[in-house]
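Chains, contacts and geometry: an overview
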Amino acid sequence: MFRYFFFMLGLLFATQNVVAQNDDWQKLARMGRTFYENGEFESAFNAFSKARELAPEDANLDAFIAQSAYRAGKFQEAAEAYKRSSEQNSDTWTNYNKGNARFRNQDMSGAIESYKEALRKDPNNELARHNLAQALKKQENDDNQDDQNQDNQDNQNQNNQQNQNNQNQQNQDKQQNQNQDNQDNQNKEQQQEQPKMGREQTDQLLESMMQADKKAQDKLKDKEEAVGSGKREKDW
């Protein structure tokens, strides 16, 4: 794989005009190759990316950018570079590598489509077939996990709402009890504020009641005597 990678880079140099006015991009590309060979993949990615900015339009450096980005762990940049490369050279391995970059970038839908495209280019690409099965399985697991997470979130929301309702009910009951206590205290205060009769007032009231009873009895007695004096003796 690496030999092919560097063979393509050498072939790219050979097809360019060596006496071109601006060969800085070729120097940067050679630097990128050196970095890559030394395992300095992020430096290789940066060098190839800069070379691409200076290179002529017919110089396709995207495959080298993509490979360096992938080895550097820059999977999104790798997927983007493989996509550009596949637009110019859509062979089975470019699509396979694009699928790998998308897989590592957690883009299962994109990975599945890339592996399918690789198999359309070459139905005998067993690596693409194997990785396609892995991507489909992971997508299914991710969907199930998303459903489980949604169910958990729904249950949590329902529990939170129930707890809020219970808290509101408790607060309402507490407020009602507080209002009742306040009303009871207010009634007690009103009862305590009513004036109490002293001993002298009580005696006067009792004396008044006794005199009223005596007058009533005297009046009843006088009435009875008046009735008795009016009787006539029997004529024998």
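Residues numbered from 1 in each chain as written. Predicted model: local features only at pLDDT ≥ 70, side-chain atom pairs only at ≥ 80, totals over all residues. Heavy atoms only, no water.

1. Regarding the overall build of the protein
- Each helix and strand counted, the protein has 9 helices and 0 strands in total.
- Taken from the N to the C terminus, the helices and strands of the protein come in the order α-α-α-α-α-α-α-α-α.
- Going through the 236 residues of the protein one by one, you find that 25% of them count as buried.
- The long-range fraction of contacts in the protein, counting pairs at least 24 apart against all pairs at least 6 apart in sequence, stands at 47%. (Helix = DSSP H or I, 4+ residues; strand = E, 2+ residues; numbered from the N terminus. Buried < 20%, exposed > 50% of the residue type's maximum accessible area, 1.4 Å probe, protein only. Contact = heavy atoms within 4.5 Å.)

2. Section: a negative patch on the surface
- A contiguous patch of negative charge on the surface is contributed by Glu140, Asp143, Asp147, Asp151 and Asp154.
- Structurally, aspartate 154 is set in helix α8 (residues 126–193).
- In this structure aspartate 154 comes out as partly exposed when scored by relative accessible area, which is 38%. (Patch = residues over 30% accessible without salt bridge, like charges linked within 9 Å, V, L, I, M, F, W, Y side chains within 5 Å. Areas by Shrake-Rupley, 256 points an atom, 1.4 Å probe, with all protein chains shown as cover. Salt bridge = Lys/Arg side-chain N within 4 Å of Asp/Glu carboxyl O. Lys, Arg positive; Asp, Glu negative; His and termini not counted. Charge placed at Lys NZ, Arg CZ, Asp CG, Glu CD.)

3. A few points about the packing of aromatic side chains
- All chains considered together, the criterion is met by 5 aromatic pairs.
- Here tyrosine 36 and phenylalanine 41 contribute two aromatic rings whose centre-to-centre distance is 5.1 Å and whose plane-to-plane angle is 75 degrees, an arrangement assigned as edge-to-face. Grouping residues by exposure puts tyrosine 36 and phenylalanine 41 together as buried.
- Between the aromatic rings of tyrosine 96 and tyrosine 115, the centroid separation amounts to 6.2 Å while the plane-to-plane angle is 50 degrees, which identifies the pairing as tilted. With tyrosine 96 in helix α6 (residues 92–104) and tyrosine 115 in helix α7 (residues 108–121), this residue pair connects regions lying 19 residues apart in the sequence.
- Take tyrosine 96: its relative accessible area is 11%, and that puts it in the buried class.
- When its relative accessible area of 1% is taken as the criterion, tyrosine 115 is described as buried.
- One aromatic cluster in this structure is built from Trp93, Tyr96 and Tyr115. (Phe/Tyr/Trp six-rings, centres within 6.5 Å; stacked < 30°, edge-to-face > 60°.)

4. A closer look at unusual backbone geometry
- Residues other than glycine seldom take positive phi values, yet glutamine 106 does so here, at roughly 65 degrees.
- Positionally, glutamine 106 belongs in the loop between α6 and α7.

5. What about the confidence of the model for the protein?
- Mean pLDDT over the protein works out to 81, with 80% of the residues at or above the 70 mark.
- Taken together, the stretch residues 13–21 has pLDDT below 50 and engages in 10 contacts with residues farther than four places along the chain or on a different chain. (pLDDT = per-residue confidence, 0-100.)

6. A closer look at the environment of leucine 61
- Tracing the chain through its elements places leucine 61 in the loop between α3 (41–54) and α4 (62–71).
- Along the sequence, leucine 61 and serine 49 sit 12 residues apart, while their C-alpha atoms lie 8.0 Å from each other.

7. Some remarks on the environment of isoleucine 112
- Tracing the sequence through the fold places isoleucine 112 in helix α7.
- Classification of isoleucine 112 as buried rests on a relative accessible area of 6%.
- Once the C-alpha coordinates of isoleucine 112 and leucine 136 are considered, the two residues, 24 residues apart in sequence, prove to be 6.9 Å apart.
- Among residues more than four places away in sequence, those in contact with isoleucine 112 are Leu132, Ala135, Leu136 and Gln139.

8. A closer look at the pattern of salt bridges
- Summed over all chains, the structure comprises 11 salt bridges.
- Three or more residues are tied together by salt bridges with common partners; here these are Glu113, Glu117, Arg120 and Lys121.

9. Topic: helix α2 (residues 24–37)
- The end-to-end C-alpha distance of α2 is 20 Å, a good match for the 20 Å that 14 residues give at a rise of 1.5 Å each.
- Residues Trp25, Gln26, Leu28, Ala29, Gly32 and Tyr36 constitute the buried set of α2. When α2 is viewed along its axis, its buried side chains cluster within an angular range of 160 degrees and face the same direction.
- One or two residues past the end of α2 sits glycine 39, with phi positive at roughly 80 degrees. (Expected span 1.5 Å × (residues − 1). Arc of directions from axis to C-beta.)

10. Some remarks on the nonpolar core
- Trp25, Phe48, Ala51 and Leu61 are the most contacted members of the largest nonpolar core, which has 21 residues in total.
- With 5 residues, α3 is the largest single contributor of residues to this core.
- In this structure, Met108, Ile112, Ala118 and Leu119 belong to the second largest nonpolar core, which totals 10 residues. (Core = buried A, V, L, I, M, F, W, Y, C linked by side-chain atoms within 4.5 Å.)

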